[in-house]
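Now for the letters of each chain:
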Amino acid sequence: MAAPGENLRINSDRLWDSIMEMAKIGPGIAGGNNRQTLTDEDGEGRHLFKRWCEAAGLEMGLDEMGTMFARREGTEPDLPPVFVGSHLDTQPTGGKYDGVLGVLGGLEIVRSLNELGIKTKHPIVVTNWTNEEGARFAPAMMASGVFAGVLDQADVYEHVDKNGKKFGEELERIGWKGTEKVGDRKIHAFFELHIEQGPILEDEDIDIGVVTHGQGLKWLQVTLTGKEAHTGSTPMPKRRNAGLGMARVIELVHEIAMDYQPDAVGAVGHMEVYPNSRNIIAGRTVFTIDIRSPEKEVLDAMDGRIREGIDTICEALDIQYAIEQVGHFDPVTFDPGCVQAVRDAAERLGYTHRNIVSGAGHDACWINRVAPTAMVMCPCVDGLSHNEAEEITKEWAAAGADVLFHAVVETAVIVE
Ligand code: HGY
Ligand code: MN
Ligand code: MN
């Protein structure tokens, strides 16, 4: 006798079509997306998602961080809902699937339940977390961080983008600031489907990543201050070159990360040079160090060595420095019960699967602090992400969404 829902599958054409439809909003210049948080394009994507949710009979809620909660009622409305979702905001040169697959995978579950006339005891809430990427406004996973009580809402409202625009004001401007207090919603469990953003699943020809852990992260924003001077007439010994300082720190970060292989990673992706003129020695540089490791001790060791190294570099170059930690979360262990639901679903559906540690940060990493949480991963081509050429197959998307479907309805309990 098949268990309730044993053969449930999503409609992969409908999911794929929805992803492609969303990808038309905030197109990039090379086939991907530029739908950065709180831009007009983000607002347009939110409207489309809202229309789809309402067409599926969902009731849309909105909190003070702009996070969207589309609720499908359960037969026992007072039970805490099962949440399923991710994010619709993208990197400036992002792909079509990072985050979007998880939000629209959640919507596809609801669409399929509606079609099959299946009810669940627990309500189901499809979620779009505001500002997962942290590209325009640091830190990443901002709204989920406020929801989990690790970031302060009044503080993040004041965070500014490179043009000095404030997060709180931009949220008002695009008209997506809700009135619901952040964090009030009780969560029975949270599931997030996401592309791996790394090469393991594709290299091993595996359909599903059962995410047991997420690596920890630190973002250190560094400001180096030297002295602007003529690049031609200033003798080398008299220069206080903040550009050279930044170059040496970037090399230092790489070398330290290489000392902790095979897992640690480190890079500098954000760099600003002032005044950025061809014949002026850089007087000031501002850049962000991104270091990560599955082990807290390694993350802390890298942090300490980098700070020491910056001090030595700046002493030698006679430049000043300031370091501000603008992002941080410790390594995450996801809920074993939810992880098992993911693993059982992959097994039941006949998909190949393996345990995996998430290299990237996700909203699930914060929500795991306030509710039982797990993630489902699907492969991506060449492991590439945060690149407009990001690509997945329809089959990978369907496999991930099928596993998500089973994990969600098993936890929400199908009503016979
Ligand atoms: O930075 C991250 O890991 C995520 O993509 N925001
Ligand atoms: Mn993402
Ligand atoms: Mn991302």
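The structure under discussion appears in the preceding block.
Residues numbered from 1 in each chain as written. Chains lettered and ligands numbered in written order. Predicted model: local features only at pLDDT ≥ 70, side-chain atom pairs only at ≥ 80, totals over all residues. Heavy atoms only, no water.

**A word on the site of ligand 1**
Alright, step 1. Contacts to ligand 1 come from Glu132, Glu133, Ala140, Arg292, Ala360, Gly361 and His386.
Alright, step 2. Glu133 places a side-chain nitrogen or oxygen 3.4 Å from an oxygen atom of ligand 1.
Alright, step 3. A distance of 2.7 Å is found between an oxygen atom of ligand 1 and a backbone nitrogen or oxygen belonging to Gly361.
Alright, step 4. Alone, ligand 1 offers 210 Å² of accessible surface; in the complex the protein occludes 95% of this.
Alright, step 5. For the shell around ligand 1, the per-class residue count stands at two nonpolar, two polar and three charged. (Near = heavy atom within 4 Å. Polar contact = N/O pair within 3.5 Å; in protein donor to acceptor, adjacent residues only side chain to side chain. Areas by Shrake-Rupley, 256 points an atom, 1.4 Å probe, with all protein chains shown as cover. Nonpolar A, V, L, I, M, F, W, Y, C, P; charged D, E, K, R; others polar.)

**A short note on helix H12 (residues 394–412)**
Alright, step 1. Along its 19 residues, H12 runs 26 Å from first to last C-alpha, staying within 8% of the 27 Å computed at 1.5 Å per residue.
Alright, step 2. For H12, the buried fraction is high: 16 of the 19 residues fall into the buried class. (Helix = DSSP H or I, 4+ residues; strand = E, 2+ residues; numbered from the N terminus. Expected span 1.5 Å × (residues − 1). Buried < 20%, exposed > 50% of the residue type's maximum accessible area, 1.4 Å probe, protein only.)

**Here's the deal with the coordination of the manganese ion (ligand 2)**
Alright, step 1. Protein coordination at the manganese ion (ligand 2): the donors are His87 (NE2), Asp98 (OD) and His194 (NE2), at 2.1 to 2.3 Å from the metal.
Alright, step 2. Sequence positions of the donors to the manganese ion (ligand 2) reduce to the motif H-x10-D-x95-H.
Alright, step 3. Here the manganese ion (ligand 3) and the manganese ion (ligand 2) are spaced 3.4 Å from one another, each receiving a donor from Asp98. With His87 in the loop between strand E3 (82–86) and helix H3 (100–116) and Asp98 in the loop between E3 and H3, this residue pair connects regions lying 11 residues apart in the sequence.
Alright, step 4. For Asp98, a relative accessible area of 4% translates into the label buried. (Donors = N, O, S within 2.8 Å, 3.2 Å for Na, K, Ca; no water.)

**Some remarks on helix H8 (residues 242–258)**
Alright, step 1. Relative to the 24 Å expected for 17 residues at 1.5 Å per residue, H8 spans 24 Å between its end C-alpha atoms, a close match to the ideal helical length.
Alright, step 2. Buried residues of H8: Ala242, Gly245, Met246, Val249, Leu252, Val253, Ile256 and Ala257, and no others. Each buried residue of H8 lies within a common arc of 125° when the element is viewed along its axis, so the set occupies one face.
Alright, step 3. Where H8 is buried, its residues touch strand E7 (216–225), strand E8 (265–274), strand E9 (284–293) and helix H9 (296–317).
Alright, step 4. For H8, the capping residue at the N-terminal end is Asn241, with a side-chain oxygen 2.8 Å from the backbone nitrogen of Gly243. (Arc of directions from axis to C-beta. Contact = heavy atoms within 4.5 Å.)

**Examining the packing of H8 against H9**
Alright, step 1. The interhelical angle for the contact between H8 and H9, taken along N-to-C directions, is 150°, at an axis separation of 10 Å. It follows that H8 is roughly antiparallel to H9 by the angle criterion. At the point where H8 passes H9, the crossing takes the right-handed sense. Contacts between H8 and H9 pair Leu244, Gly245, Arg248, Val249, Leu252, Val253, Ile256 and Ala257 from the former with Met302, Arg305, Ile306, Gly309, Ile310, Ile313 and Leu317 from the latter.
Alright, step 2. Its residues assigned to classes, the contact of H8 with H9 shows 11 nonpolar, two polar and two charged. (Axes fitted to C-alpha atoms, helices over the stretch in contact; angles between N-to-C directions. Parallel < 35°, antiparallel > 145°, perpendicular 65-115°, else oblique. Left-handed = near helix turned anticlockwise from the far one by under 90°.)

**Structural notes on the pattern of salt bridges**
Alright, step 1. Evaluation of the coordinates by the stated rule reveals 25 salt bridges.
Alright, step 2. With a closest N to O distance of 3.1 Å, Glu21 and Lys24 form a salt bridge.
Alright, step 3. We classify Glu21 as partly exposed; its relative accessible area is 33%.
Alright, step 4. You can call Lys24 exposed: its relative accessible area is 58%.
Alright, step 5. Put simply, Arg136 and Asp161 hold a salt bridge, and the shortest N to O gap is 3.0 Å. Taken as a pair, Arg136 in the loop between strand E4 (124–128) and helix H4 (142–147) and Asp161 in the loop between helix H5 (153–157) and helix H6 (167–173) lie far apart in primary sequence, 25 residues in all. With respect to class, Arg136 is no different from Asp161; both count as buried. (Salt bridge = Lys/Arg side-chain N within 4 Å of Asp/Glu carboxyl O.)

**Some details on the nonpolar core**
Alright, step 1. Formed by 104 residues in total, the largest nonpolar core has its most connected members in Phe49, Leu104 and Phe191.
Alright, step 2. Considering every element that reaches this core, the biggest residue donor is H12, with 12 residues.
Alright, step 3. Apart from residues no more than four positions distant in its own chain, Leu104 is found in contact with Leu15, Ser18, Ile19, Met22, Phe49 and Trp52.
Alright, step 4. Within the second largest apolar cluster, 24 residues are counted, among which are Ile256, Ala264, Met302 and Leu317. (Core = buried A, V, L, I, M, F, W, Y, C linked by side-chain atoms within 4.5 Å.)

**Side note on unusual backbone geometry**
Most of the time, phi is negative for any residue but glycine, and the peptide bond is trans.
Alright, step 1. Along the chain, Gln261 connects to Pro262 via a cis peptide bond; the corresponding omega equals 10°.
Alright, step 2. Considering the arrangement of structural elements, one finds Pro262 in the loop between H8 and E8.
Alright, step 3. Here the amide bond leading from Tyr274 into Pro275 is cis, since omega sits at 0°, within 30 degrees of zero.
Alright, step 4. By the secondary structure assignment, Pro275 is in the loop between E8 and E9.
Alright, step 5. Phi is positive for Asp382, close to 60°, though the residue is something other than glycine.
Alright, step 6. Exposure remark for Asp382: the relative accessible area of 62% places this residue in the exposed category.
Alright, step 7. Located in the positive-phi region is Val413, a residue other than glycine, with phi close to 65°.

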